There are 2 protein chains.
Amino acid sequence: MPDFKVSFPSLGSTVDADTDTTLLEAAGKAGITINSICGGDGICGRCKMIVKEGKVRGDVSMLLTREEIRRGVVLACQTYPDSDIVVEIPEETQARERLAIDEEAQRFRAIRPGIKTREFLKQPLVTKVFLKLEKPTLDDNLADWQRIERMLEKSAGIRTMQAGLKIMRSLPQTLRRNDFAVTALLGRRSGICEIMDIEAGNTSDVNYMAAVDVGTSTIVAHLLNASDLSTVDAEACFNSQSIYGREITTRIISSEKKGYEHLQEALVGDINRLVSTLAQRNEVSLRNINAVICSGNTAMMHLLLGLPANNIRRNPFIAATLQPPPFRAAEVGIKINPRGLLFSVPGISAWVGGDLTAGILATGMQEFDGIAMLMDIGTNGEIILGNKDWLMACSASTGPALEGASVECGMMAEQGAIERIYVEDGRIRWKVVGDVAPAGFCGSGIIDLIAVMLDLKIINRSGRFIEGSSPALTFENGLGKFVVVEKENTLRGKAVFIEQDDVDNVMTAKAAIFAAAKTLLDRLQLKFSDVDKLFIAGGFGSYINLENAVTIGLLPEMPLSKVQFVGNTSIWGATLAAFSEEAYMLFRDIRKKTTYYDLLGSPDYVDQFTQATFLPHTNIELFPSALAEVDMAEEGRV
Amino acid sequence: MPDFKVSFPSLGSTVDADTDTTLLEAAGKAGITINSICGGDGICGRCKMIVKEGKVRGDVSMLLTREEIRRGVVLACQTYPDSDIVVEIPEETQARERLAIDEEAQRFRAIRPGIKTREFLKQPLVTKVFLKLEKPTLDDNLADWQRIERMLEKSAGIRTMQAGLKIMRSLPQTLRRNDFAVTALLGRRSGICEIMDIEAGNTSDVNYMAAVDVGTSTIVAHLLNASDLSTVDAEACFNSQSIYGREITTRIISSEKKGYEHLQEALVGDINRLVSTLAQRNEVSLRNINAVICSGNTAMMHLLLGLPANNIRRNPFIAATLQPPPFRAAEVGIKINPRGLLFSVPGISAWVGGDLTAGILATGMQEFDGIAMLMDIGTNGEIILGNKDWLMACSASTGPALEGASVECGMMAEQGAIERIYVEDGRIRWKVVGDVAPAGFCGSGIIDLIAVMLDLKIINRSGRFIEGSSPALTFENGLGKFVVVEKENTLRGKAVFIEQDDVDNVMTAKAAIFAAAKTLLDRLQLKFSDVDKLFIAGGFGSYINLENAVTIGLLPEMPLSKVQFVGNTSIWGATLAAFSEEAYMLFRDIRKKTTYYDLLGSPDYVDQFTQATFLPHTNIELFPSALAEVDMAEEGRV
């Protein structure tokens, strides 16, 4: 091999390199450490260099733009000198990437599931099988690939059906360099087994996956170890798509106007950031993350895959697909093993997504004997009702009030957020995230506040402020404003208050959810008392005060034993499926079994919604405790 | 949409174009017709233009090299203006491509099969199904993709399993622009059905495929109409890989030294040239050719797919794979529908390829009651022996003598080639291709010549020239040289002759084939007389004189009724499979059922070979007619 000179003028150094030395290796010889995190597999795209002079060899990377290619940018790990060359290393390549994960999103990272589900067969969607093959002879002259297939059939009962050309190209050398001892990476693609890769030697104990809950507001990623079926670590961040709109509909409109690419890039960027953070923190190479399973609402999954979402928001609300098959993760830009797969949890309808299919699987509703209800409370609220025989789903737009947005002093549950409000000795008290002075309310604080104001008779059951009920209450143009914390006592020197519009937004949100649940029950001629188990899901779910949620009529009044906060069932369902094809295949049955009930098509929903815009409800008989309280008040006993 | 100016300075013209106008369309507006043959699908790569000034939009095409991209080269049909631009049209883009198909290769183009085979189920590997879907409503709110799946299952009983992301991305618009009437393009990939594309409207009667026989010397392509299961047209050319060596082994060595790319490019270039010629001549768009099925020897298939062939030539002779799964044709550079599939006919061993599997299928040997033998005579000779219960294969290196190469005055069967030689009134006569003066011998002429020289006692049964047997025979260093046509009477003014080396090469070739057949029979304790049917295959096969082939001992002496020339069974087998998945699936059974017998591992082969280097054979009892002749001679009756 001829030796070439590779010069890095910015460093004043030149090294020798033969035609088999990558520019990344040459840079290493010159003492430059590049912030590559994929181990030189051309996955992470971080080792960009500019060839200023001379000729190089190597495939054109899809990670580069046309402009970059024209400027001479190459991925150093995929490029070889073909003459003496002069190389410039851009600043971005040398800079260490900020592992900026939103601190405040960490409350979504719980690793323990909120629920215990039944066991499924241990058959991860991507598995590894170590193969110690017999070496070929004149008598046993089977071709290399058929030798692999024979052994897989014999040792693991697997009849493989698919494989890519690249693997077959490298197989003969991989086998002969490793004494015919290799590890097959197998992907289960909807009943078909694909040999995704053949790795040198025995790597069967190094096999990772990622489960991702793709939420409208928050994205949560778990790193999964597929060799011992454990969740290794978790990470969360806010959905960067928020800059294009907080609500799904505004993002869909954005995709209609400007194409899906900017929304896809935002989302894929978030997922890559989460996954590479998890990988680095746990010293796992991206190339050993062999699959990602994503669970999210139908619109988010469309924007992730680059599918047109425009018909989701238009009557009759049609998704492009509710059950995307597994794709190559690289096809949407997710940076894991280049052959790694992207699995999607199938959705039920345009407005009840895979996060709910995952929720049904995680709670085991599809095998429940009695009647179970799942309420998933987020920017949208979804209700699932059913059991082993039938399942019905509906969805209501709640708006972001219960997440602390669309409320004047609302905020995420970050430092300074009032997360709990209660009355002690007749005075309003609060608990703040981070034990600092308060700056605003997060969702759970707002629910508490409404309940407390109702209790203290600062607002009436219609949610209107009662004049003269508190010295902290003022009116302007007939609309009340109740200051909870004076500006002198707050974190940012601005008073923390709630005003009529805020109360109205919360009323709308809670009414939408409750009305959705009630309408669904009515549709089936059932009552809340017929529900044997109520699962409350959502990152949100674990932080609210159940009693206050009932007081304001967000949740129905039920015996505590029947209510269970189950946390992020989207990611637990996805994880169950990642570890078991049996569970993954169940998704299809759940999807087909679940009937979507469109509330817009219901004659009762608007009426139910109107009735529910009362604290707790116009029909007070639905809330026996509140009824008792009202009765007592009428009888003059309180 | 803003309008941009697109200038073509070389033509002195400038046209307006909006952001949805491709540069190809803009060129059309400027009156320039570009020699694009794919209809603007980015398949053929012929519409290259150079953007000299301004910004453009569009994906980077894989058909462009890094150097081209740096120079601003784009595929005009895939590129849109993003500002005012100045465009240069390279000469190569305007030039009409020469549809240079080797004239002399046309003898391989026969469209009628040489054999009648049994009928298989009509189920082409790629089919089209027209779907007239119900439009979605609130009550029937199935997603677009699931709507397609439901209809396919209902109307065609097809449970689809796979589909690409791009199709799902375009599906919603395709459906709505075409009133939910679309055509599904379905690929049968080893038992799995893939939705390859969804086309607008009803295109179910436009569905083409190509069958290609990838020979070491000659490549033959047939254009198939998959909607009426007919062969439309045929074309042939010589394998451009020949410049890297006439024999398989030299090409493998070339791939070991320089990589497989140059060999793959040569072959893929040939296939593309044949397929686009067929497409243009029959007014079929490349985008409507939805599959290519290739049949060839194992090494050729490896070089086509870019698989390492190095272990094929080394003991114990191991292929990378004998049954490649279907790939996207674009993955190896074959220019048809970008989603089109490349099917490979599976091979039996490193030295008995898919052309023989196809041959077995085409002749129906695998269902034969008696004992059948298939001799495929080309640069290598392969023998298959067997019936419905068992099949055994072997391969012998014959060298190219029987194809007119490695013979001093040998040539392809082109104009000027002596293709028949016979004796009339005691004088040697000949028939020349193209009815011109002779220039040399092709394979059939050489076989005739050896037989005629034996008959005229110019050579003896050892293939040595007999001194004084003819005035046209001269000797130099003890080696004879027999001039058949004096230089005055030839096409190129050079004498047409045969010398001892040539005779030796033919003797070696014919001995190798005969010895292979004999060794295989011996292995199974059978005799030629046990063979109920002898199929002679190869483009070659239809041109030789059976009697002369027996006279020199190339073919065994058998009753004429048992012998059948079957022509190019490689392409007929491939065509049968293209039109029927049932037939395609049979290939696997045939491959598994056929035992490869390695002649190098046989204790008898060398001995058999030595015995066969005699005219017709040392063991004259194998050739009763010759024996009779010898007997008569000994008894003085002739």
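Scroll up for the structure.
The present account deals with the structure reproduced in this document.

Criteria and cut-off values
- Residues numbered from 1 in each chain as written.
- Chains lettered and ligands numbered in written order.
- Predicted model: local features only at pLDDT ≥ 70, side-chain atom pairs only at ≥ 80, totals over all residues.
- Pairing = 2+ DSSP bridges.
- Helix = DSSP H or I, 4+ residues; strand = E, 2+ residues; numbered from the N terminus.
- Contact = placed C-beta atoms within 7 Å.
- Axes fitted to C-alpha atoms, helices over the stretch in contact; angles between N-to-C directions.
- Least-squares fit on C-alpha atoms with pLDDT ≥ 70 in both.
- Parallel < 35°, antiparallel > 145°, perpendicular 65-115°, else oblique.
- Nonpolar A, V, L, I, M, F, W, Y, C, P; charged D, E, K, R; others polar.

Once that is clear, we can look at the sheet that holds strand β21 (residues 417-424) of chain B. Residue and element names in this part refer to chain B. A sheet is described by the order of its strands in space; here three strands give the open sequence β22-β21-β23, paired in mixed fashion. Two strands in the sheet have a free side with no partner beyond their single neighbour: β22 (427-432) and β23 (440-441). Packed on one face of the sheet, helix α10 (residues 443-455) meets β21, β22 and β23 and runs near 25° to β21.

Least-squares fitting of chain A to chain B yields an RMSD of 0.1 Å, with the transformation described by 0.0 Å of translation along the axis and a rotation of 180°. Taken together, the turn and the small shift mark the pair as related by a two-fold rotation axis. Distance from the rotation axis, computed per C-alpha, reaches its smallest value in chain A at R70 of chain A: 2.1 Å.

Residue and element names in this part refer to chain A. Between helix α9 (residues 354-363) and helix α13 (residues 569-579), the shortest axis-to-axis distance is 7 Å and the interhelical angle comes to 75°. In terms of orientation, α9 and α13 fall into the roughly perpendicular class. Contact residues: D355, T357, A358, G359, L361, A362 and T363 in α9; T569, S570, W572, G573, A574 and L576 in α13. Split by residue class, the contact of α9 with α13 holds six nonpolar, six polar and one charged.

Another aspect to go through is the interface of chain A and chain B. Listed by partner, the interface residues are 46 residues for chain A and 46 residues for chain B. Those elements that provide at least two residues to the side of chain A that touches chain B are α2 (66-70), α4 (144-156), β9 (162-163) and α5 (165-177) of chain A. In terms of residue count, α5 of chain A provides more of the side of chain A that touches chain B than any other element does, six residues in total. Its residues assigned to classes, the side of chain A that touches chain B comprises 26 nonpolar, 14 polar and six charged.

This paragraph deals with the sheet that holds strand β15 (residues 289-296) of chain B. All names here are of chain B. With mixed pairing, the six strands of this open sheet are ordered in space as β14-β13-β12-β15-β17-β16. Edge positions in the sheet fall to β14 (230-238) and β16 (327-328), since each of these pairs with one other strand and no more. Two elements, strand β12 (residues 208-214) and β15, share seven bridges in a ladder whose sense is parallel. Bridged to M209 within β15 is A291. Its contacts with the sheet place helix α8 (residues 298-305) against β12, β15 and β17 (341-344), and it is angled at close to 140° to β15.

Function-wise, these values are silent; they only describe arrangement.
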